[in-house]
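Architecture and fold: a report
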Amino acid sequence: LSDVYQGNDVTKWMGRLNAILTTTIAAAPIFGGVLNAYFGWRGCYSVIAICSTLSFLLIFFFLPETKKPQDVKLKDVFQNYVTLLKSKRFLQSALVPTLLAAAYFAFISVMPFFYRDVKGISLKSFSIHQAIIIASFSFMSYFAHRISNIFGEKKSALFGLLIPILATLSIFGITWLTPNFPVWQVTLFMCIFALSCAVGYAIVFSASLGVFPDKNGPASSLIMTIRTFVCAAIIQLVGFLYNKTLQNTFLIISICTLLSFVLALNFYKTKVVSKEVQE
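The following refers to the structure shown.

How each quantity is defined
Residues numbered from 1 in each chain as written. Predicted model: local features only at pLDDT ≥ 70, side-chain atom pairs only at ≥ 80, totals over all residues. Heavy atoms only, no water. Helix = DSSP H or I, 4+ residues; strand = E, 2+ residues; numbered from the N terminus. Rg over C-alpha atoms; globule rule 2.2 N^0.38 Å. Buried < 20%, exposed > 50% of the residue type's maximum accessible area, 1.4 Å probe, protein only. Areas by Shrake-Rupley, 256 points an atom, 1.4 Å probe, with all protein chains shown as cover. Lys, Arg positive; Asp, Glu negative; His and termini not counted. Charge placed at Lys NZ, Arg CZ, Asp CG, Glu CD. Core = buried A, V, L, I, M, F, W, Y, C linked by side-chain atoms within 4.5 Å. Contact = heavy atoms within 4.5 Å. Disulfide = S-S within 2.5 Å.

1. Digging into the overall build of the protein
The secondary structure content of the protein amounts to 11 helices and zero strands. For 279 residues, the compact-globule estimate of 2.2 N^0.38 gives 19 Å, and the protein sits close to it at 20 Å. Taken along its principal axes, the extent of the C-alpha atoms in the protein is 60 × 45 × 35 Å. Evaluated residue by residue, the protein yields a buried proportion of 41% over its 279 residues. Surface summary for the protein: the accessible area is close to 15,700 Å², and the carbon and sulfur share equals 70%. Of the side-chain charges in the protein, 22 are positive and 10 negative, and the distance between the mean point of each set is 11 Å.

What follows is the structure, encoded as structure tokens:
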């Protein structure tokens, strides 16, 4: 996308891509549970094999090449990653969407255990709660580029990252003050979290690819690699500290959202062309 589109168009299509990705990833456990219930674990692996085959065929026959063919040298590939990892600005912008994703999936990972096992809501009700949260993120992802056009990239991103902090701190306060709180309160504030963070997520992710315009490919792959490891670590930590309440979970989520805001604030505070790009 960053090869084909420039500027706010990248934010537009990144927002739509993130909406599809987030919806798919969050809905996958529910779909997997249904498959397992009716077809057993073999049914899940059969669907994975079908999806992988279809993905290969779609890429092979329909995905156009966005860059001219060029020789790939291992030394150059390694040097690209070294340059990216040495750039403070790139790491700042890359960690913002990474921490937001980690916060989101930290909640998704404990949501079924708390909603079903602790609060005792039905599978149908749980699915509705989860669907509303997912839909909130997906819906706003489609409008991130329009919000950026109206209010500007910096204001839209920072405002979109500030509200999630308030939302997650509100849930953290609710879990301390009212132990018997209804789950709809958590769902409500998570919807606010999802709506606002979708804007900051799409904008900053696009900005991270713009730090080194000539290294879009390595930047994208490095961001996804970092995100995978960070999300896995946060989910593992949340699972380890889970004690049938949401206090520890939302303490970690609040820290993630706060760090993402601080990193974004520093990124936009000194938004200049990096020395590496100038060279």
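2. Digging into the nonpolar core
Grouped together as the largest cluster of nonpolar side chains are 67 residues, with contacts concentrated most on Phe90, Phe107, Tyr115 and Val186. Looking at this core, the elements with two or more residues in it are helix H1 (8-39), helix H4 (88-118), helix H5 (123-141), helix H7 (153-177), helix H8 (183-210), helix H9 (216-241) and helix H10 (247-269). Looking at which element gives the most residues to this core, the answer is H4, with 17 residues. Excluding anything up to four places from it in sequence, phenylalanine 90 contacts Leu84, Ser208, Val211, Phe212, Ala219, Leu222 and Ile223.

3. Quick word on the state of the cysteines
Counted under the stated rule, the structure contains zero disulfides. Left without a disulfide partner, cysteine 191 is nearest to the cysteine sulfur of cysteine 197, which lies 12 Å away. Residue classification places cysteine 191 among the buried residues on the basis of a relative accessible area of 11%. Here cysteine 197 is not disulfide-linked; the sulfur of cysteine 231 is the nearest cysteine sulfur, at 11 Å.

4. Remarks on unusual backbone geometry
A positive phi angle, near 70°, is found at lysine 244, a position not held by glycine. On the secondary structure map, lysine 244 appears in the loop between H9 and H10.

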